[in-house]
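Examining the three-dimensional arrangement
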Amino acid sequence: GFGNSSPIPRKQEINFDDIGGQGSAIKELKEALDFIRNHQKIQNLGIRPLKGILMTGPPGTGKTLMARAAASYTDSVFVSASGSDFVEMYAGVGAQRVRKLFQSARETANKQKKRSAIIFIDEIEVLATKRGSNSSHMEYDQTLNALLVEMDGLKVDDNVRLLIMAATNRVDMMDPALLRPGRFDRQVKVDLPDKVGRFEILKLHTRNKPLAEDVDLTQIAKETFGFSGAHLESLANEAAILAMREEEKQIYYRHFHEAIDKVIMGEKLDRRPNP
Ligand code: ATP
């Protein structure tokens, strides 16, 4: 997908301001995160800690960005993995990797003298398919069990407080055990942006680009129905490349117009069935 085409270096901090068109998802997420920021009050009232937030929605809509912004917002270290990192031929390796991930989150937080860590697991459906279903087999079940054990073990008074954020575009495939209270009991929908959302995202991704006077981002937002944030990032980049090829110093509307077709074509190529 577009996940790897990010222009944002891995280390740079991401804030909620860097995410466009996800106002209501961000609001919901912040409400959940305020539980962590006010953890003393939570503890005093005996409220059980929030352990997991599941972000659902199509690829390239900003789920990874949201998790990274959540880490800045709560002053937590950010540790990430993908569901497919846990898939191994040998029994027990996946489960071992889950335990290592939790351990490394704690160690990283300690090293950086932070009291909390966010563990982000992308494509969680890979390791969290319904147990006993066709696409699941014993090795995945062990890995999923290891994750459940780690999550169940999290305590409000842990030295380093951990929050697990996971992303999926296949919530229907998830093992219901993961969605029970005390596990991923918060869900945040991260949908494709609407017209206004697309405008906001285009603004973000053109903020460091010289736009010619004839570029109307509202118009471009209208013409990009169905585009994700990742598509729009790619669009802005492609338009700049086209301008460079024409040795222009600015990016004109025609470059965006041509780039829209390129992004749509690229998407079609991406979706070719594997031979
Ligand atoms: P996937 O499910 O494919 O991993 P994702 O939902 O996690 O996708 P991200 O990795 O967060 O998507 O987005 C990929 C890139 O697309 C980002 O680095 C950013 O450049 C751009 N992008 C996606 N969504 C947004 C958004 N809402 N606002 C600004 N940029 C976005």
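Per an unreviewed UniProt entry, the chain goes by Vesicle-fusing ATPase and derives from Desulforamulus aeronauticus DSM 10349. Of the chain, the UniProt comment under Cofactor (unreviewed entry) reads exactly: "Zn(2+)".

1. What to know about the side chain of Ser228
Note on placement: Ser228 falls in the loop between helix H7 (217-222) and helix H8 (229-245). Beyond its immediate sequence surroundings of up to four residues, Ser228 is in contact with Pro59, Gly60, Thr61, Leu192 and Pro193.

2. Examining the pairing of strand E1 (residues 52-56)
Judged by how many residues are buried, E1 sits mostly within the fold: five of five residues are covered. Both faces of E1 are covered, namely the face carrying Gly52, Leu54 and Thr56 and the face carrying Ile53 and Met55. With five bridges connecting them, E1 and strand E4 (residues 161-168) associate as parallel partners. Residue pairing in the sheet places Ile53 in a bridge with Met165 of E4. Alignment of E1 against strand E5 (residues 186-189), held across four bridges, turns out to be parallel. Paired with Met55 across the bridge in E5 is Val188.

3. Re helix H1 (residues 23-37)
The terminal C-alpha atoms of H1 lie 20 Å apart, and with 15 residues this matches the ideal 21 Å at 1.5 Å per residue to within 8%. When we look at burial in H1, the residues that qualify are Ala25, Ile26, Leu29, Ala32, Leu33 and Ile36. If you follow the buried residues of H1, they end up packed against helix H2 (39-44), E1, helix H3 (63-73), E4 and E5.

4. Some details on the nonpolar core
One finds Phe102, Ile121, Ile124 and Leu147 to be the most contacted residues of the largest nonpolar core, which totals 31 residues. Of all elements in the fold, only strand E2 (77-82), helix H4 (93-111), strand E3 (116-122), helix H5 (138-152) and E4 reach the threshold of two or more residues within this core. Ranked by the residues each element gives to this core, the list is headed by H4, at six residues. When neighbours within four sequence positions are excluded, Leu147 is seen to be in contact with Val98, Phe102, Ile121, Ile124, Leu127 and Leu178. Counting 25 residues, the second largest nonpolar core, distinct from the first, contains Ala32, Leu33, Ile53 and Ala67.

5. Considerations on empty space enclosed by the protein
Enumeration according to the criterion identifies one cavity of 30 Å³ or more in this entry. If you list the elements that add at least two residues to the lining of the largest cavity, you get H1, H2, E3 and E4. Residue composition of the lining of the largest cavity, grouped by class: eleven nonpolar, four polar and four charged.

Reading the values: rules and limits
Residues numbered from 1 in each chain as written. Predicted model: local features only at pLDDT ≥ 70, side-chain atom pairs only at ≥ 80, totals over all residues. Heavy atoms only, no water. UniProt positions renumbered as here; feature names shortened; annotations may be inferred. Helix = DSSP H or I, 4+ residues; strand = E, 2+ residues; numbered from the N terminus. Contact = heavy atoms within 4.5 Å. Buried < 20%, exposed > 50% of the residue type's maximum accessible area, 1.4 Å probe, protein only. Pairing = 2+ DSSP bridges. Expected span 1.5 Å × (residues − 1). Core = buried A, V, L, I, M, F, W, Y, C linked by side-chain atoms within 4.5 Å. 1 Å grid on protein atoms, 1.4 Å probe; cavity = no way out; pocket = protein on both sides within 12 Å on 5 of 7 lines; lining within 4 Å. Points joined across faces, edges and corners; volume = space filled by probe spheres on them. Nonpolar A, V, L, I, M, F, W, Y, C, P; charged D, E, K, R; others polar.

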